[in-house]
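# Tertiary structure, described
Residues per chain, in single letters:
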Amino acid sequence: MMGILFSRILITPIDFVGVVTVGGLEMENGVRRWLVNISQWNPSEAQFASVISLFRVDEQTAITRYIKFEDKKRALVSRLLQYSLVHEVLGIPSDKIIIHRTAEGKPYLKNSIDFPFSNFNFNVSHHGDYVGIASEPLCLVGLDIVSITTPKQETELEFINNFSPYLTALEWKNIAHAGSSEEMLAEFYRYWCLKEAFVKAIGAGLDYGLCRLEFHHTNWTGVSVYIDGVESKKWRFSLSKLDEKHWASIARGLPNKANELCCSDLSLPELGFTFRTVEELISNVN
Amino acid sequence: MASLAGTTISIASRPWHSLPAAKEFSSLKSISFSSIRKSFPAIRLRPASSRLQICCAAKSDTLEKVLKIVKKQLAVPEGTAVTAESKFSELGADSLDTVEIVMGLEEAFGISVEEESAQKIITVQDAADLIQELVEAKTC
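Please read these numbers as outputs of a predicted model, since none were measured by experiment.

## Brief notes about the domain arrangement of chain A
Residues and elements named next belong to chain A. Parsing chain A into structural domains produces domain 1 (28–136 + 269–285) and domain 2 (140–253). Computed over C-alpha atoms, the centres of domain 1 and domain 2 are 24 Å apart. Across the contact, 22 residues belong to domain 1 and 22 residues belong to domain 2. Buried surface at the junction of domain 1 and domain 2, both sides included, amounts to about 1700 Å², of which 61% is carbon and sulfur. Between domain 1 and domain 2 we count 1 salt bridge in total. For E270, the salt bridge identified is with R252, shortest N-O distance 3.4 Å. Our count for the contact surface shared by domain 1 and domain 2 stands at 11 residue pairs in polar contact (both at pLDDT 80 or more). A per-element tally of the side of domain 1 that touches domain 2 places strand 7 (residues 130–136) first, with 7 residues. Residues that form the side of domain 1 that touches domain 2 fall into these classes: 9 nonpolar, 7 polar and 6 charged.

Here it is as structure tokens:
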């Protein structure tokens, strides 16, 4: 009953700041799509240290364990996004936010949340220049960002061949027919991006069996997934080009017990990404 | 350009019905990376002689070789300490890197790694141990 009430509220258009106006009142709807371009943030060692110190010791350790600085940077910005989003959407004071990770490494909010956000979930991703986060109040959400990188030690085709166990025959055929080797590479990365977004939404690991998923699309719009040969009505996907080298995909799916008829969330148009700066996120968290 | 066009044509002309259906493989609990890869145009060939060379290889040799492959794949900066205890995630490996590393290890050691086993590799030592196990099972 409550679920249906909630879904009716969400039918009203969502503006890009993630609130809806219902009867003149602004209400938080829990949906966010944020991106940070980390190539635009170049902190000194001291600045970096001061930002890390905003977090609890366990998070600091997790960030500093990365060997390469770029990975430390991504890990830090990922956490800034997580804490900032949870604080903004759910109003929990930053120092009270508890984020744990599943065995597969997926971060999730440990704090117990009441209706209407009891199924609130988020997902982060980073690759290349971008770190992103996506959140949903009810649907499961997965985000994946890919940075199309020309392989250094092999040809594009050799590189893609490594991943043939994860692609279906149709996908492989589409990649092979994409054109030049650069176009084939980009085509592969788009399929990979979608598969990863799905697997991350459901919280599975690499052993999910990515070849069970087959993505159908019309010029990369109207994307749908066939799981074990059957089209799934419970999942929606979107693919966005961030810039010449980066693409991001969002997977949104109904939680297991939800019936597609009672929950209109899935048919809502996909929200675009909002670009945030590290400075904004820091002041949010502080 | 000509060679690339040639490769593209060879992929397109391979009739799908002659290849094992993807569904068959996906229903198996554990899938060997290389058994499926053979169904697609094989660009990488594993020389049979490498099997004889690595029979009874010392454990430290295996670790050295694994470290070399991992450092190369992950472009670890020179002078960075990478040890057996180093975790792949801390070295910056993402899912794409993990697949490539496992493929690289399969080729270098002439073995097949099951998807399930690949999932369990957390540190460089885990990879070396798994390889040692697979190599010994195969050759000794």
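## Comments concerning the packing of helix 3 (residues 57–64) of chain A against helix 4 (residues 69–90) of chain A
Angle between the axes and distance between the axes are the two parameters that describe a pair of packed helices. Residues and elements named next belong to chain A. At a closest axis distance of 8 Å, the pairing of helix 3 and helix 4 adopts a crossing angle of 145°. Residue-level contacts link E59, A62, I63 and T64 of helix 3 to K72, A75, L76, R79 and Y83 of helix 4. Taken together, the residues that form the contact of helix 3 with helix 4 break down as 5 nonpolar, 1 polar and 3 charged.

## Quick notes on the UniProt feature "domain: 4'-phosphopantetheinyl transferase N-terminal" (unreviewed entry) in chain A
Here the UniProt-annotated "domain: 4'-phosphopantetheinyl transferase N-terminal" (unreviewed entry) positions come out as residues 40–137 of chain A. When the span residues 40–137 of chain A is considered, its composition is 39% helix and 20% strand, and the gap between its end C-alpha atoms is 30 Å.

## Topic: the side chain of E106 of chain B
Residue and element names in this part refer to chain B. The topology assignment puts E106 in helix 6 (residues 95–109). The class of E106 is buried, set by a relative accessible area of 0%. Within the local environment of E106, its side chain forms a polar contact with the backbone nitrogen of V113, the two atoms lying 2.6 Å apart.

## A short note on the packing of aromatic side chains
A complete count under the given rule lists 19 aromatic pairs over all chains for this structure. Between F188 of chain A and W192 of chain A the ring centres are 5.9 Å apart and the planes differ by 35°, which places this aromatic pair in the tilted class. Of the two residues, F188 of chain A and W192 of chain A are both situated in helix 7 (residues 181–201); the distance of 4 residues between them amounts to about one turn of the helix. A cation over a ring is seen here: R276 of chain A above W34 of chain A, with NZ or CZ 4.3 Å from the ring centre. For the cation-ring pair, K65 of chain B lies above F109 of chain B, with the distance from its terminal atom to the ring centre recorded as 4.8 Å.

## Here's the deal with the pattern of salt bridges
In this structure the tally under the stated criterion is 16 salt bridges over all chains. One salt bridge connects R65 of chain A with E90 of chain B, and the closest N-O pair in it is separated by 2.8 Å. In this pair, R65 of chain A sits in the loop between helix 3 and helix 4 while E90 of chain B sits in the loop between helix 5 (59–73) and helix 6, so the two residues belong to two different chains. Classification of R65 of chain A as partly exposed rests on a relative accessible area of 44%. Its salt-bridge partner being K73 of chain A, residue E70 of chain A comes within 3.8 Å of it at the nearest N-O pair. Of this pair, E70 of chain A and K73 of chain A both sit in helix 4, 3 residues apart, roughly one helical turn. Residue E70 of chain A is classed as partly exposed on the basis of its relative accessible area of 37%. If you follow the salt bridges from partner to partner, you end up with R33, E136, R252 and E270 of chain A in one network.

## Re the UniProt feature "domain: Carrier" (unreviewed entry) in chain B
Here the UniProt-annotated "domain: Carrier" (unreviewed entry) positions come out as residues 60–135 of chain B. Helix makes up 61% of residues 60–135 of chain B and strand 0%, whereas the separation of the span's terminal C-alpha atoms amounts to 14 Å.

## Brief notes about the sheet that holds strand 7 of chain A
Residue and element names in this part refer to chain A. With mixed pairing, the 4 strands of this open sheet are ordered in space as 6-7-3-14. Among the strands making up the open sheet, the edge pair consists of strand 6 (121–127) and strand 14 (274–275). Bridge count between strand 3 (residues 32–37) and strand 14: 2 bridges; the pairing is parallel. Counted as the bridge partner of W34 is T274 from strand 14.

Procedures and definitions
Residues numbered from 1 in each chain as written. Chains lettered and ligands numbered in written order. Predicted model: local features only at pLDDT ≥ 70, side-chain atom pairs only at ≥ 80, totals over all residues. Heavy atoms only, no water. Domains from an automatic or database assignment. Contact = heavy atoms within 4.5 Å. Buried area = accessible area lost by both parts, 1.4 Å probe. Salt bridge = Lys/Arg side-chain N within 4 Å of Asp/Glu carboxyl O. Polar contact = N/O pair within 3.5 Å; in protein donor to acceptor, adjacent residues only side chain to side chain. Helix = DSSP H or I, 4+ residues; strand = E, 2+ residues; numbered from the N terminus. Nonpolar A, V, L, I, M, F, W, Y, C, P; charged D, E, K, R; others polar. Axes fitted to C-alpha atoms, helices over the stretch in contact; angles between N-to-C directions. UniProt positions renumbered as here; feature names shortened; annotations may be inferred. Buried < 20%, exposed > 50% of the residue type's maximum accessible area, 1.4 Å probe, protein only. Phe/Tyr/Trp six-rings, centres within 6.5 Å; stacked < 30°, edge-to-face > 60°. Lys NZ or Arg CZ within 6 Å of the ring centre and 35° of its normal. Pairing = 2+ DSSP bridges.

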